[in-house]
Amino acid sequence: SIGTGVIVSLIFGYASFQIATSSIDQWNEFGTLVATDRTYLAFCIDLVLFAIFQNFLIHQVITQSGDQSSSLEYTDSTPNIYSVPFVGLVVYLFKK
C-alpha cells in the first residue's frame, strides 16, 4: 500500500542520511568495535552471508512451497527485487 511505501521510504532515507553524514571518527569507532567485540563481528558476518545467499534461499522457498493458494511463483519473469539483499526478503514476507 502507499502508506507502507511512504514509511519504508522515510526509514531508508533517514538511514541513508545518517550514513552519509557520519564522520571518519564514527567509522573508525565502528571498525574498532567489529575488530574487538565478537558480537559485532558475528552480526557483520551474518549480514554479509545472508546478503550473498538470500536470492538462492528465497528461490528455494518459493519453488519448494507446496502452498497452492499462495500468489508467489518463481519464474523467469519474477521481479529481480528478490535479489536485493534484505529488501527482497521484506517484499517476500509482505507478499506471503
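All of these numbers come straight from a predicted model, not from anything done at the bench.

Asker: Help me understand the overall build of the chain in this model?
Answerer: Secondary structure assignment for the chain yields four helices and zero strands. In sequence order, the chain lays out its α and β elements as α-α-α-α. When contacts within the chain are restricted to residue pairs at least 6 apart in sequence, long-range pairs at least 24 apart make up 49% of them. Accessible surface computed for the chain: about 7700 Å², of which carbon and sulfur atoms make up 67%.

Asker: Would you mind showing me how to read the packing of helix α2 (residues 24-36) against helix α3 (residues 38-64) here?
Answerer: The relative placement of two packed helices is expressed as an angle between their axes plus a distance between the axes. Axis separation between α2 and α3 bottoms out at 5 Å; the angle between their running directions is 100°. The orientation of α2 relative to α3 falls into the category roughly perpendicular. Together, F30, L33, V34 and T36 of α2 and R38, Y40, L41 and C44 of α3 make up the contact between the two elements. Of the residues contributing to the contact of α2 with α3, the split by class is six nonpolar, one polar and one charged.

Asker: Hey, could you run me through a nonpolar patch on the surface in this one?
Answerer: A cluster of nonpolar side chains, contributed by L41, I45, V48, L49, I52, F53, F56 and L57, occupies part of the molecular surface with about 740 Å² of accessible area. Its place among the elements puts L49 in helix α3. Judged by relative accessible area, L49 falls into the partly exposed class, the value being 41%.

Asker: Looking at this structure, how should I read the side chain of Q54?
Answerer: With respect to the secondary-structure elements, Q54 resides in helix α3. Given the relative accessible area of 1%, Q54 is considered buried. Look past the residues within four positions of Q54 in its chain and what remains in contact with it is Y82, V84, P85, F86, G88 and L89.

Asker: What should I look at first to understand the environment of F30 in this one?
Answerer: Within the element layout of this structure, F30 appears in helix α2. The exposure class assigned to F30 is partly exposed, which follows from its relative accessible area of 36%. Along the backbone, F30 and Y40 are ten residues apart, and their C-alpha atoms lie at a distance of 8.9 Å. Residues contacting F30, with those up to four places away along its chain left out, are Y40 and C44.

Asker: Honestly, α3 in this entry has me stumped. Any pointers?
Answerer: One full turn of an α-helix is made of 3.6 residues, so residues set three or four places apart face in the same direction. By the largest-angle criterion, F53 marks the main kink of α3, which is about 55°. Residues Q54, I58 and I62 constitute the buried set of α3. At the N-terminal end of α3, a side-chain oxygen is found 3.2 Å from the backbone nitrogen of T39, two or three residues along, and the residue is D37.

Asker: Looking at this structure, how should I read the confidence of the model for the chain?
Answerer: Put simply, the chain has an average pLDDT of 80, and 84% of its residues get 70 or more. Ranking the elements of the chain by mean pLDDT puts helix α4 (residues 87-95) last with 79 and α2 first with 91.

Cut-offs applied
Residues numbered from 1 in each chain as written. Predicted model: local features only at pLDDT ≥ 70, side-chain atom pairs only at ≥ 80, totals over all residues. Heavy atoms only, no water. Helix = DSSP H or I, 4+ residues; strand = E, 2+ residues; numbered from the N terminus. Contact = heavy atoms within 4.5 Å. Areas by Shrake-Rupley, 256 points an atom, 1.4 Å probe, with all protein chains shown as cover. Axes fitted to C-alpha atoms, helices over the stretch in contact; angles between N-to-C directions. Parallel < 35°, antiparallel > 145°, perpendicular 65-115°, else oblique. Nonpolar A, V, L, I, M, F, W, Y, C, P; charged D, E, K, R; others polar. Patch = residues over 30% accessible without salt bridge, like charges linked within 9 Å, V, L, I, M, F, W, Y side chains within 5 Å. Salt bridge = Lys/Arg side-chain N within 4 Å of Asp/Glu carboxyl O. Buried < 20%, exposed > 50% of the residue type's maximum accessible area, 1.4 Å probe, protein only. Bend = angle between axes of the 7 residues up to and from the residue. Polar contact = N/O pair within 3.5 Å; in protein donor to acceptor, adjacent residues only side chain to side chain. pLDDT = per-residue confidence, 0-100.

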